[in-house]
Amino acid sequence: MTPSLYKTKLMACVGMLLLSISCQEETTVNPENNEPTPYSLAIPTGFPKSYLSKENPLTIEGIQLGKMLYSDPILSSNGRSCSSCHLKENSFSLPIFNSWSGTKISVPPHVNLAFRNKFNWTGSEHNLDTLAMGDFEPEFFNTKPDELYKKLSEHSVYPSLFKKAFGINKIEEVPYHQLKKTIAMALAQHIRTMISANSKFDKFKRRELSLNQMEHEGYVIFFSEKGDCFHCHSDPLFSDQEFHNTGLNISYNGSDKGLFNLTQRQEDMGKFLSPTLRNIEFTAPYMHDGRFSNLEQVIDHYNEGVSDDKHVDPLLNKRNGTRKLNLTPIQKQQLIAFLKALSDWDYIK
Amino acid sequence: MKNISTIAILNFILISIGLGSCKKELINQVELPNTSLTIEISHEVNGILLEFDSILYQNSSESPYSVSRLEYYISGIKLYKEDSTFLHSDATYYINARNKENKLLVQHVVEGDYTAIEFLIGIAADKNISNSLENTTENINMQWPDVIGGGYHFLKLEGRYLDTAGVNLGYTMHVGTNEMLIKHRKLNINIHIQKEKPAILNCIMNVNEWFQNPHTYNFNVDGNYTMAIPALMQHLKNNGYDTFLIQN
């Protein structure tokens, strides 16, 4: 090689090197191939940022593991799985769960939980990553630890998925509490991907189709003072994610005390977390205890059945000085037609 | 030799392209002053720190009342110098009085002495359009639905009061729509902004001012629900003109 040619090549190399480092921070190289594959959650237009977990970032492998575990009775010793109480046809809810304490609970749906930071009717849980840890208890899965270790470690797929998703080489060597936590984290990853945003109303907003007249009239009632639904069920989540006393009772016993049972503060008496109205058509019966079997009864309650109790949320007071909406029978039907336009049929396929 | 010259020119072009691709960011970093003002907002009722959910307070019409919700937007902040020139921030800030802290960071404030501040309670018309702000899980409840005009609630003040018979009732004082934008009166301040020395301004809302000056708001007479009732929202707009004061 002649000196001039050597110099020429050297300069070319220097030039390319300078070019390559001029915006170096944008280049990401992962030399290790053992890390799980990061997954980016697609957020529907208009939705807020999701609550993602630094401790439990979404990965393709973690989501896959969570999805398999969600409907697998392998986690329980009584044949139950998550999907036993979160039925797809009910938008991953359960009409009524009869607790051992005798309380009837309408199990909230798994819909758009990536955008929540309070869970259950009273917001008793704040962390989706650990939410499922309580499900191993006798009342739900009644999990026998030895059985769980054996079934998981002998499974044809789970050991490799635990390894890929969470770096666990031998399931049987993980302490039980940590195993439950890892399973809960995998389930949380899967649940964060359960996003519903393809209802008729979503398509209407995207200008893909029109609402029919009944639905449109109901839409106007819902989002105006006439029905005044939007303050607690704001678009796009159709829940304000806050606690309200909606005037179901004049006195309070047991679970009807709602948030009060957690805080012991009088101002929290009878308050429950606003449920999403997305897929409400699929989640009957309604209210925390399933006291209303259909949407007609729910509308009747807000129209003329709100109690006079002093704990009722200020938002239930209307401009006429009463707690009544004064909707006509046809307006009630229009409102229900709109509520049904919030059904995402693709979500329950 | 020609070969070397060609490569050298090519190198120059490549390096220029490479460095030039980051030039805009470098220029921006140089141009914007590294100065800021933090406005710390607190909420009081006649000098006493606001306590939620307790019927402790009395407004000008002598209705005992409590506050269960106080959320609003601040925007259009203008910082005036003594010579009446001003710095205008186009940021919009969501305030929830239940938050432990409400700090508004006004960035890139030019150095100097500032003698007054002005701002809007609400959002100016050019931004008071549905979905113009980034939706967050905190602010999505501030939307003012399209079917009643669109945009955002400027103010949500809710709570309970005792009526003339002592009955515990709820009130919802909501303000929205462009006509009801609240331009707060100019407040005197004494702030010296220095490079790389963040300054702090303490700003206090007296919640009682929403119910007085100029209109003495009486739940029992005016009503306990203002949503989309222009006459009642106008009372709140007028009263909102001087709800804040500066704590030096």
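Here goes a summary of the coordinates provided. (Residues numbered from 1 in each chain as written. Chains lettered and ligands numbered in written order. Predicted model: local features only at pLDDT ≥ 70, side-chain atom pairs only at ≥ 80, totals over all residues. Heavy atoms only, no water.)

**Considering the overall build of chain B**
Okay, step 1: In terms of helices and strands, chain B carries four helices and 15 strands.
Okay, step 2: A buried classification covers 51% of the 248 residues belonging to chain B.
Okay, step 3: Pairs at least 24 residues apart make up 71% of the contacts formed inside chain B by residues separated by at least 6 positions.
Okay, step 4: Approximately 11,900 Å² of chain B is accessible, and the part contributed by carbon and sulfur atoms is 52%. (Helix = DSSP H or I, 4+ residues; strand = E, 2+ residues; numbered from the N terminus. Buried < 20%, exposed > 50% of the residue type's maximum accessible area, 1.4 Å probe, protein only. Contact = heavy atoms within 4.5 Å. Areas by Shrake-Rupley, 256 points an atom, 1.4 Å probe, with all protein chains shown as cover.)

**Topic: the packing of helix 9 (residues 213–222) of chain A against helix 12 (residues 329–340) of chain A**
In a packed pair of helices, the relevant descriptors are the angle between the two axes and the axis-to-axis distance.
Residue and element names in this part refer to chain A.
Okay, step 1: Interaxial distance between helix 9 and helix 12 falls to 7 Å at its minimum, and their mutual angle equals 95°. The angle between the axes of helix 9 and helix 12 places the two elements in the roughly perpendicular class. Residues Met214, Glu215, Glu217, Gly218, Tyr219, Ile221 and Phe222 of helix 9 form the contact with helix 12, whose own contacting residues are Ile330, Gln331, Gln333, Gln334, Leu335, Ala337, Phe338 and Leu339.
Okay, step 2: Of the residues contributing to the contact of helix 9 with helix 12, the split by class is nine nonpolar, four polar and two charged. (Axes fitted to C-alpha atoms, helices over the stretch in contact; angles between N-to-C directions. Parallel < 35°, antiparallel > 145°, perpendicular 65-115°, else oblique. Nonpolar A, V, L, I, M, F, W, Y, C, P; charged D, E, K, R; others polar.)

**Brief notes about the packing of aromatic side chains**
Each aromatic ring pair is summarised here by two numbers: the centre-to-centre distance and the angle between the ring planes.
All names here are of chain A.
Okay, step 1: Under the criterion given, the structure shown has 35 aromatic pairs over all chains.
Okay, step 2: Considering the side-chain rings of Phe97 and Phe140, the 5.5 Å spacing of their centres and the 25° angle between planes classify their relative orientation as stacked. Here Phe140 lies in the loop between helix 4 (128–131) and helix 5 (145–153) and Phe97 lies in strand 1 (residues 94–98), a separation of 43 residues in the sequence.
Okay, step 3: Here Phe97 falls in the buried class, since its relative accessible area comes to 10%. (Phe/Tyr/Trp six-rings, centres within 6.5 Å; stacked < 30°, edge-to-face > 60°.)

**Some points on the pattern of salt bridges**
Residue and element names in this part refer to chain A.
Okay, step 1: Applying the stated criterion across every chain yields a total of 24 salt bridges over all chains.
Okay, step 2: A salt bridge links Glu147 to Lys151, with the shortest nitrogen-to-oxygen separation between them at 3.9 Å. Of the two residues, Glu147 and Lys151 are both situated in helix 5; the distance of four residues between them amounts to about one turn of the helix.
Okay, step 3: Overall, Lys151 belongs to the partly exposed group, its relative accessible area being 31%. (Salt bridge = Lys/Arg side-chain N within 4 Å of Asp/Glu carboxyl O.)

**Regarding the environment of Ile41 of chain B**
Residue and element names in this part refer to chain B.
Okay, step 1: Tracing the backbone shows Ile41 in strand 1 (residues 36–45).
Okay, step 2: Note on Ile41: relative accessible area 8%, which makes it buried.
Okay, step 3: Residues Ile41 and Ile95, spaced 54 residues apart in sequence, show a C-alpha to C-alpha distance of 8.5 Å.
Okay, step 4: Ignoring anything within four residues of it in the chain, the contact list for Ile41 reads Tyr72, Ile95, Asn102, Leu104, Cys203 and Phe244.

**As for the pairing of strand 8 (residues 102–107) of chain B**
Residue and element names in this part refer to chain B.
Okay, step 1: Taking every second residue as pointing to the same face, the buried face of strand 8 carries Asn102, Leu104 and Val106, while none of Lys103, Leu105 and Gln107 on the other face is buried.
Okay, step 2: Bridge count between strand 1 and strand 8: six bridges; the pairing is antiparallel. Note that in strand 8 the partner of Glu40 across the bridge is Lys103. (Pairing = 2+ DSSP bridges.)

**Quick notes on the side chain of Ser81 of chain A**
All names here are of chain A.
Okay, step 1: As for its position among the elements, Ser81 is in the loop between helix 2 (60–70) and helix 3 (82–85).
Okay, step 2: Accessibility expressed as a relative area gives 6% for Ser81, which makes it buried.
Okay, step 3: There is a polar contact of 2.8 Å between the side chain of Ser81 and the side chain of Ser83.
Okay, step 4: What Ser81 contacts, discounting residues up to four positions off in sequence, is Tyr70, Ser71, Asp72, Pro73 and Phe141. (Polar contact = N/O pair within 3.5 Å; in protein donor to acceptor, adjacent residues only side chain to side chain.)

**Focus on the side chain of Glu61 of chain A**
All names here are of chain A.
Okay, step 1: Within the secondary structure, Glu61 sits in helix 2.
Okay, step 2: For Glu61, which is buried and forms no salt bridge, the nearest opposite charge comes from Lys164, at a distance of 6.6 Å.
Okay, step 3: Engagement of the side chain of Glu61 in a polar contact is seen with the backbone nitrogen of Thr37, the distance being 2.7 Å.
Okay, step 4: In contact with Glu61, other than residues within four places in its own chain, are Pro36, Thr37, Leu161, Lys164 and Ala165. (Lys, Arg positive; Asp, Glu negative; His and termini not counted.)

**Details of unusual backbone geometry**
Negative phi is the rule for most residues except glycine; trans is the rule for most peptide bonds.
Okay, step 1: Geometrically, the link from Asp235 of chain A to Pro236 of chain A is a cis peptide bond, its omega value of 10° lying close to zero.
Okay, step 2: Residue position: Pro236 of chain A is located in the loop between helix 9 and strand 3 (243–244).
Okay, step 3: In the Ramachandran plot, Asn46 of chain B falls in the positive-phi region, its phi being about 50° despite a non-glycine side chain.
Okay, step 4: Relative to the assigned elements, Asn46 of chain B resides in the loop between strand 1 and strand 2 (48–49).

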